[in-house]
Amino acid sequence: MIKRKLTCILACVSAIALLAGCGKGADYDGYKKSVEKLYEDVVSADAKINNIDYTSTSSKEEFFSTLDKLKSSLEEFAEVDAPKEFDDCEYLAGEAVKYITSAEDDFHKALDNDFDEISYNNGVSNYNEMVKCVNYIGDVLQKKPVDQTDASSEEDVVLDSE
């Protein structure tokens with residue numbers, strides 16, 4: 001689903017490891033651990049969402065539980081004090097939290113009662129915006145320029161409505 005984005009985060013972890021190895025101080029070590037945890041949590045959420053058996057009666061609970069854990073991970077990451085050159089990551093993580101919260105609300109509106117296609121599509125849209133924020137975090141960590149005009153060329157995540 002977001003494997004391309006996860007590759008960016010892995011590269012970021014490597015970049016922070018290099019910075020930490022250059023004697024920059026404890027800020028980098030702690031931040032590296034936070035980035036690694038976020039990476040592990042995103043990979044785990046992606047795997048769980050992709051492996052949910054949507055025909056089972058517990059699929060909806062599993063889906064919302066996974067979204068909630070992903071939101072918690074993003075909230076934790078947003079609270080971490082980033083080294084100065086990665087300050088934009090704090091902002092982007094906050095934006096990702098807003099989008100995943102909106103997505104979760106929209107998915108509840110869409111799936112808790114009769115299926116609501118508009119709310120579902122809004123949830124998918126908000127989820128995709130969260131993914132873009134995570135991707136931009138990867139760009140910042142790799143010291144790539146973040147160009148908002150590139151956002152339209154990003155590959156969006158598509159969640160099946162079945």
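Further up the page is the structure itself.
Residues numbered from 1 in each chain as written. Predicted model: local features only at pLDDT ≥ 70, side-chain atom pairs only at ≥ 80, totals over all residues. Heavy atoms only, no water.

Visitor: Please give an account of the pattern of salt bridges that cites residues and values.
Guide: Overall, the coordinates contain seven salt bridges when judged by the stated rule. Note that Glu76 is salt-bridged to Lys37, the shortest N-O span being 3.5 Å. One end of the pair, Glu76, is in helix H3 (residues 59-79); the other, Lys37, is in helix H2 (residues 26-50), with 39 residues separating them in the sequence. For Glu76, a relative accessible area of 44% translates into the label partly exposed. With relative accessibility at 37%, the residue Lys37 sits in the partly exposed group. What emerges from the salt-bridge pattern is a single network uniting Lys37, Asp41 and Glu76. (Salt bridge = Lys/Arg side-chain N within 4 Å of Asp/Glu carboxyl O. Helix = DSSP H or I, 4+ residues; strand = E, 2+ residues; numbered from the N terminus. Buried < 20%, exposed > 50% of the residue type's maximum accessible area, 1.4 Å probe, protein only.)

Visitor: Can you lay out unusual backbone geometry for me, pointing to particular residues and giving the numbers?
Guide: Residue Lys143 is not a glycine yet carries a positive backbone phi of 60°. A relative accessible area of 56% means that Lys143 is categorised as exposed.

Interpretation note: all reported values are geometric properties and have no functional meaning in isolation.
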